[in-house]
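Coordinates in review
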Amino acid sequence: MKKVLVLGAGQLARMMELAGTPLNLDVKAFDVRSLKVVQPISPEHIYGDLAQGITNAEVITAEFEHVAHDTLAECEQSNKLFPSSNAIKIGGDRRLEKALLESCNVANAKHFFIQTKEDFAAALASLTLPVIFKSALEGYDGKGQWRLKSVEDADSIWQDMESFLKSSTTSVKQGIVAEQMINFDREVSLIGVRSRNGDVAAYPLTENHHTQGVLSVSVAVKVDEVLQKQAAQVFKAISDELNYVGVLAIEFFQVGNQLLVNEIAPRVHNSGHWTQQGADTCQFENHLRAICDLPLGSTALVRPTAMVNIIGEDTVSDEVLSIPSVTIHWYNKDKRAGRKMGHINVSGENELVLAQRLSALSKLLSQSAFPDLNDFSTSYLNKHS
Ligand code: ATP
Ligand code: MG
């Protein structure tokens, strides 16, 4: 039984444990709040502190990129950490991430780094409104972002950002990245995996729908060879550059036939949860295979599948389970407004069947916990009827 330690004890570690158990992998997680090693699916079981966790593990990985740098350093020293601390840190700092994209020559939105009012003015002079500002560190689910649509609001946005920067207590200096807002046709992501010996495999591109910056629906798209190839090339360039091991997600804006990278996530990703029911090998298993130096599993699509996030609710109608090929995944988290509490995967033997099931599902669920589902299922049904 190979022992794996995950930095972070949230739902991604939980789903790694669920996927790793049949492979005889023993997955534990380091809870960065309590600083204890726990069992991801039953966190009341405590196995000691980080030092003990590192000693006991044969392989260490992370479920999120905002891990304290001293923790990463301690893990890296053991030579058990995959992906490397460098890759994890890049994913956690938008400035390093943009620099990586530039060095890999990968298309992305025009951007500037901002620390002062002068930088802010210079960025505005070179970008066209609307512009989006993102905190360099600690952003997730659209948090730490400001959108500037009209020039009259520039002063008040700068004041907000300035007080945000001043009140920051991060160990690395906080900053802001100003980015050109892209008028995209849609958002897609590529979930790929790279093994220790450099083999790569990628899942079919996933189309993503966000509500107020939070992912609500992801669906594996019918493979478009041109886009898939473009995305796979970006994955190869970035993951080779980082000598990456494990699952890496790349979020893109699609404009016509061009993909611009929005951001990367050095981990399993919410937009890859559909792989649990829609792919030959799910992203959690493939991540574990990669870091444990096992052969990668097939990333082929088994059947059209969509995922919908459950946001801020801890129950859904039992009726949901009467729809064929629906699977519910709860995260066992305390209910909080806006929080990702679980997700539902839905599959169909073809897109029309999937569309019909999504539409049946949307009738059973509340708009607040499932923003976008109604709109998405209607348009998906129109597209595939
Ligand atoms: P998550 O954790 O969900 O990935 P995040 O906080 O890391 O989110 P981003 O992915 O950078 O933030 O932004 C969240 C969403 O905001 C994007 O998915 C997209 O819908 C929108 N967005 C971000 N940047 C841009 C941009 N340059 N142009 C247009 N829309 C954008
Ligand atoms: Mg994102």
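Residues numbered from 1 in each chain as written. Chains lettered and ligands numbered in written order. Predicted model: local features only at pLDDT ≥ 70, side-chain atom pairs only at ≥ 80, totals over all residues. Heavy atoms only, no water.

Details of the site of ligand 1
Worth spelling out the cut-off: Working definition: residue near molecule or strand if any one of its non-hydrogen atoms lies within 4 Å of it. The term polar contact refers here to a pair of N or O atoms within 3.5 Å; inside protein, the definition further demands a hydrogen-donor-capable atom paired with an acceptor-capable atom, and it admits residues adjacent in sequence only when both atoms are side-chain atoms. Residue-level accessible areas treat just the shown protein chains as cover; the underlying method is Shrake-Rupley with a 1.4 Å probe. Put simply, DSSP H or I for four residues or longer makes a helix, DSSP E for two residues or longer makes a strand, and each gets a number counted from the N terminus. Three classes are used, and their members are as follows: Ala, Val, Leu, Ile, Met, Phe, Trp, Tyr, Cys and Pro are nonpolar, Asp, Glu, Lys and Arg are charged, and the others, Gly among them, are polar.
Lining the immediate surroundings of ligand 1 are 20 residues, of which Lys-134, Asp-141, Gly-142, Glu-187 and Glu-263 lie closest. With respect to ligand 1, the side chain of Arg-147 contributes an N or O atom lying 3.1 Å from an oxygen atom. For ligand 1, an oxygen atom lies 3.2 Å from a polar atom in the side chain of His-210. Protein burial of ligand 1: of its 610 Å² of free accessible surface, 94% is covered by the chains. Contributing elements (two or more residues each) for the shell around ligand 1: β7 (131–135), β8 (145–148), β9 (176–180), β14 (246–255) and β15 (258–265). Per-class residue counts for the shell around ligand 1 are 6 nonpolar, 6 polar and 8 charged.

So, the pattern of salt bridges
This is how it is decided: When a carboxyl oxygen of Asp or Glu is within 4 Å of a side-chain nitrogen of Lys or Arg, the pair counts as a salt bridge. Think of it in three bands: with a 1.4 Å probe and only protein chains considered, a residue is buried below 20% of the maximum accessible area for its type, exposed above 50%, and partly exposed in between.
Under the criterion given, the structure shown has 15 salt bridges. A salt bridge links Glu-207 to Arg-186, with the shortest nitrogen-to-oxygen separation between them at 2.7 Å. Of this pair, Glu-207 sits in strand β12 (residues 206–211) while Arg-186 is found in strand β10 (residues 186–194), placing the two residues 21 residues apart along the sequence. Among the residues examined, Glu-207 registers a relative accessible area of 9% and is labelled buried. Between Lys-335 and Asp-314 there is a salt bridge; the shortest N-O distance is 3.9 Å. Pair noted here: Lys-335 is in the loop between β17 (326–330) and β18 (340–347) and Asp-314 is in the loop between β16 (305–311) and β17, with a separation of 21 residues, a long-range link. Judged by relative accessible area, which is 39%, Asp-314 ranks as partly exposed. Put simply, Lys-98, Lys-134 and Glu-179 are held in one network by salt bridges that share partners.

A closer look at helix α11 (residues 351–364)
Put simply, the rule reads: By this rule the span expected of a helix is its residue count minus one, scaled by 1.5 Å. Residue contacts are counted whenever heavy atoms from the two residues lie within 4.5 Å of one another.
Taking 1.5 Å per residue, 14 residues should reach 20 Å; α11 reaches 20 Å between its end C-alpha atoms and fits that length. Listed in full, the buried residues belonging to α11 are Glu-351, Val-353, Leu-354, Ala-355, Arg-357, Leu-358, Ser-359, Leu-361 and Ser-362. Against β13 (214–220), β16, β18 and α12 (373–384) lie the buried residues of α11. Where α11 begins, one side-chain oxygen reaches toward the backbone nitrogen of Leu-352, 3.1 Å away; that side chain belongs to Asn-350.

As for the coordination of the magnesium ion (ligand 2)
Using the following cut-off: Sodium, potassium and calcium take a 3.2 Å donor cutoff, other metals 2.8 Å, and in both cases only N, O and S atoms count; water is not among them, so sites may look incomplete.
Looking at the magnesium ion (ligand 2), the protein donor atoms are Glu-251 (OE), Glu-251 (OE) and Glu-263 (OE), and they sit 2.0 to 2.7 Å from it. With Glu-251 in strand β14 and Glu-263 in strand β15, this residue pair connects regions lying 12 residues apart in the sequence.

Comments concerning the sheet that holds strand β5 (residues 59–62)
Put simply, the rule reads: Pairing between strands is defined by DSSP: at least two bridges between them are needed. Throughout, an axis means a line fitted to C-alpha atoms (over the contacting stretch in the case of helices), and angles, computed between N-to-C directions, take values from 0 to 180 degrees.
Pairing is mixed across the open sheet formed by 5 strands, whose spatial order is β4-β3-β2-β1-β5. Strands with a single pairing partner mark the edges of an open sheet, and in this sheet they are β4 (42–46) and β5. Strand-to-strand twist across the sheet, computed as the mean angle between neighbouring axes with direction ignored, equals 40°. Two elements, strand β1 (residues 2–7) and β5, share 4 bridges in a ladder whose sense is parallel. Bridge pairing in β5 places Val-6 opposite Thr-61. Packing of helix α1 (residues 11–20) onto the sheet brings it into contact with β1, β2 (25–31), β3 (36–39) and β5, and relative to β2 it is tilted by some 170°. Of the strands in this sheet, β1, β2 and β5 are in contact with helix α10 (residues 283–291), which crosses β5 at around 135°.

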